[in-house]
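# Examination of the molecular architecture
Here is how the chains run, residue by residue.
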Amino acid sequence: MRAKGARRGTVVVISAPSGCGKTTVINRLLARNPGWRRSVSVTTRKPRNGEVPGEDYFFVSRKEFLSERRKKNFLEWAEVFGEYYGTPRPYVLNQLYGGRHVILAIDIYGARAVRKQIRCLSIFLMPPSLDDLEKRLRRRRSDSVRAIRERLAHAQFEIACAKEYDYVVVNGEIDVAVRAIEDITKSQR
Ligand code: 5GP
């Protein structure tokens, strides 16, 4: 329940090509702004090295995902690289009504779906260049050569969709990108 007179939080949608450093940027935003929350998505993809269930994602089977989808428990969902990803609706709404900003780290299809349903602020995090993105993907090691190629090709398509977003922030220097997102979000109040 929202306290009487309390302001609703803002949904901040952040999309970025895979490997662009979005997780690092978001973790830093959360560390600097203790009142902000990140929605933890549900996915059918397997965890990568170092990923923590319940922190990075809720990892579920396809059967479990489809069952949650049938119950309309996702604010939005999408199939990305052959795996399902979804944003838990109850969590996001509870945080918003509690007056907290909620970051959704979702892809362009998810961003389109969320824009249709609720008022939100959308930010596209742009890699400084495709070369830089390729280097970051290779450093990740847990992705196969084929997966890297697929993600790079998809990145070019995503970058072409950046104009759909309210703001584009280049993730060259992490701290500069973090401060830009903070300023944009705080100016919405
Ligand atoms: P990754 O597998 O690299 O963590 O994520 C692949 C893509 O799925 C990224 O673009 C990421 O933003 C997107 N994604 C993660 N969670 C969700 C979600 O809940 N909904 C949607 N639509 N996309 C998501």
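Here the structure is shown first, and the text comes after it.
First, a word on scope: everything that follows refers to the structure included in this document. (Residues numbered from 1 in each chain as written. Predicted model: local features only at pLDDT ≥ 70, side-chain atom pairs only at ≥ 80, totals over all residues. Heavy atoms only, no water.)

A few words on the overall build of the protein. Secondary structure summary: the protein contains 7 helices and 9 strands in total. Compactness check: the protein gives a C-alpha radius of gyration of 16 Å against a globular reference of 16 Å for 189 residues, within 12% of the reference. Here the C-alpha coordinates of the protein stretch approximately 55 × 40 × 30 Å along the principal axes. A burial count over the protein gives 46% of its 189 residues as buried. (Helix = DSSP H or I, 4+ residues; strand = E, 2+ residues; numbered from the N terminus. Rg over C-alpha atoms; globule rule 2.2 N^0.38 Å. Buried < 20%, exposed > 50% of the residue type's maximum accessible area, 1.4 Å probe, protein only.)

On to the sheet that holds strand β4 (residues 58–59). Here we have 4 strands laid out as an open sheet, ordered β4-β3-β6-β5, and mixed in their pairing. Looking at which strands have only one partner, the edges of the open sheet turn out to be β4 and β5 (74–80). Here strand β3 (residues 42–43) pairs with strand β6 (residues 83–88) via 2 bridges, running antiparallel. For Val-42, the partnering residue across the bridge sits in β6 and is Gly-86. Against the sheet, helix α2 (residues 62–70) engages β3, β5 and β6, with an angle of about 40° to β6. On the sheet, helix α3 (residues 89–97) packs against β5 and β6 and is oriented at approximately 30° with respect to β6. (Pairing = 2+ DSSP bridges. Contact = heavy atoms within 4.5 Å. Axes fitted to C-alpha atoms, helices over the stretch in contact; angles between N-to-C directions.)

On to the pattern of salt bridges. Scanning the model with the defined rule gives 9 salt bridges in all. Between Lys-71 and Glu-68 there is a salt bridge whose closest N-O contact spans 3.2 Å. Overall, the relative accessible area of 28% leaves Glu-68 in the partly exposed class. For Glu-164, the salt bridge is made with Arg-112, and the minimal N-O distance between the two is 2.6 Å. Note that Glu-164 is positioned in the loop between α6 (145–160) and β9 (167–170) and Arg-112 in helix α4 (residues 108–117), a separation of 52 residues in sequence. Overall, Glu-164 belongs to the partly exposed group, its relative accessible area being 30%. Among the charged side chains, a network of salt bridges with common partners joins Arg-45, Arg-48 and Glu-51. (Salt bridge = Lys/Arg side-chain N within 4 Å of Asp/Glu carboxyl O.)

Here we come to the sheet that holds strand β1 (residues 11–15). Backbone hydrogen bonds hold the strands of a sheet together, and the pairing may be parallel or antiparallel. Strand order in the open sheet formed by 5 strands is β2-β7-β1-β8-β9, with parallel pairing between adjacent strands. Each edge of the open sheet is held by one strand with a lone partner, namely β2 (37–38) and β9. Of the strands in this sheet, β1, β2 and β7 (102–105) touch α3, which is tilted by about 150° from β7.

What follows concerns the environment of Gly-9. Along the polypeptide, Gly-9 turns up in the segment before β1. Gly-9 gets classed as buried once you look at its relative accessible area, which sits at 10%. For the pair Gly-9 and Asn-94, spaced 85 residues apart in the sequence, the C-alpha separation amounts to 9.9 Å.

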